[in-house]
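# Architecture and fold: a report
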Amino acid sequence: MNNKTKIGLYVIIIFCLFCSFLIINHTKFTGFVVLEEVKVENNFNYIKPDIITNDSTLIVLNNAQTEINTMKEAGFGTYFVNDKLLEAKTAYTYGNYEEVFKNTQLITYTKNQAFKILDTISILKDKENEYAKSRINTSLVLEYLAQTESSLKEERYNEADAFAKETELKLERAKSENTRTRELIKLGKNFFLRYWWQIIIFLILLIIASTPIYKYLRVKFAKRKLENLKLELKTLTNLIKELQERAFQKRNIPMSTFKLRSESYKDKIAEIKRKIPVEEAIIKRYTKNDSNRVF
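Rules behind the numbers
Residues numbered from 1 in each chain as written. Predicted model: local features only at pLDDT ≥ 70, side-chain atom pairs only at ≥ 80, totals over all residues. Heavy atoms only, no water. Salt bridge = Lys/Arg side-chain N within 4 Å of Asp/Glu carboxyl O. Helix = DSSP H or I, 4+ residues; strand = E, 2+ residues; numbered from the N terminus. Contact = heavy atoms within 4.5 Å. Phe/Tyr/Trp six-rings, centres within 6.5 Å; stacked < 30°, edge-to-face > 60°. Buried < 20%, exposed > 50% of the residue type's maximum accessible area, 1.4 Å probe, protein only.

### Some details on the pattern of salt bridges
Two side chains bearing opposite charge may form a pair once their charged atoms approach each other closely. Evaluated as defined, the whole model comprises eleven salt bridges. The partner of K127 in a salt bridge is E168, and the shortest N-O contact between them spans 3.0 Å. Of the two residues, K127 sits in helix α4 (residues 97–133) while E168 sits in helix α6 (residues 157–194), which places them 41 residues apart along the sequence. Salt-bridge contacts for K165 lead to D161; the nearest nitrogen and oxygen are separated by 3.5 Å. Note that K165 and D161 are positioned in helix α6 at a spacing of four residues, about one turn of the helix. Ionic contacts of the salt-bridge type, sharing partners, join the residues K127, E168 and E172 into one network.

### Considering the environment of E128
Positionally, E128 belongs in helix α4. Residues within four places of E128 in sequence aside, it is in contact with T138, V141, L142 and L171.

### A look at the packing of aromatic side chains
Enumeration over the complete set of coordinates arrives at six aromatic pairs. Ring centres of Y214 and Y286 lie 6.3 Å apart, and the angle between their planes is 90°; on these two criteria the pair is classed as edge-to-face. Taken together, the residues Y214 in helix α7 (residues 196–249) and Y286 in helix α8 (residues 255–287) connect sequence positions 72 residues apart. For Y214, a relative accessible area of 47% corresponds to the partly exposed category.

What follows is the structure, given as structure tokens:
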């Protein structure tokens, strides 16, 4: 790999790490969450007036400006509604009165939607605070609530409405989970209080039974290990005999190879001989008295 290729790889790696850092921090600081149960929907429906005149069109244009001023005084963003008002005025100049009514109705709908979401946020905050005082875990709810406020501030009203509904669902789910957990704890306490003496007897019997069972299993595993050790010892002994035959009778391996392999086999045999007495002692210890046997 030449230097140019290495430099190129380093640049790509650094770029990927930088992008990952930006994504992680964006998620961390903006509290980004996704809608799981609610869809973003536009529920605006245009209602065509029975009579459309120049005077009625001018009236709805003036009313739309008043609606926008009300939103501005309440602290809402007005970029979207101002754009719609501009579209309505442009349509008026071209004599397209029905388009004026469509845009002004949308402005009124947006104003009502914004105030409704603001009221909903206030209600959700009060409910979350009440639940938190009751030791209900509302950490996830707070993330959705923050996203609702963020969407409202950035004039994504349909999205804000969806996040408000999602927040309500998360709140009720958190309350349900808390209630279920408390009921399980209560059920466990009642069960223990009702059957406390049976539970104590069961635990005593379990402790009594555990000792002979442990001894049985300890002896069983020790015998199995002892059998494996003896088998391995027999195999190594045969290998040494075979190695001696090849070195001194058949002379088809050099002495250096014979010494190297035989030393390796002898080391393993010595290790096995050290382990065998340990397993035999375990077996003897737990089987010296027939009364200790359970099988």
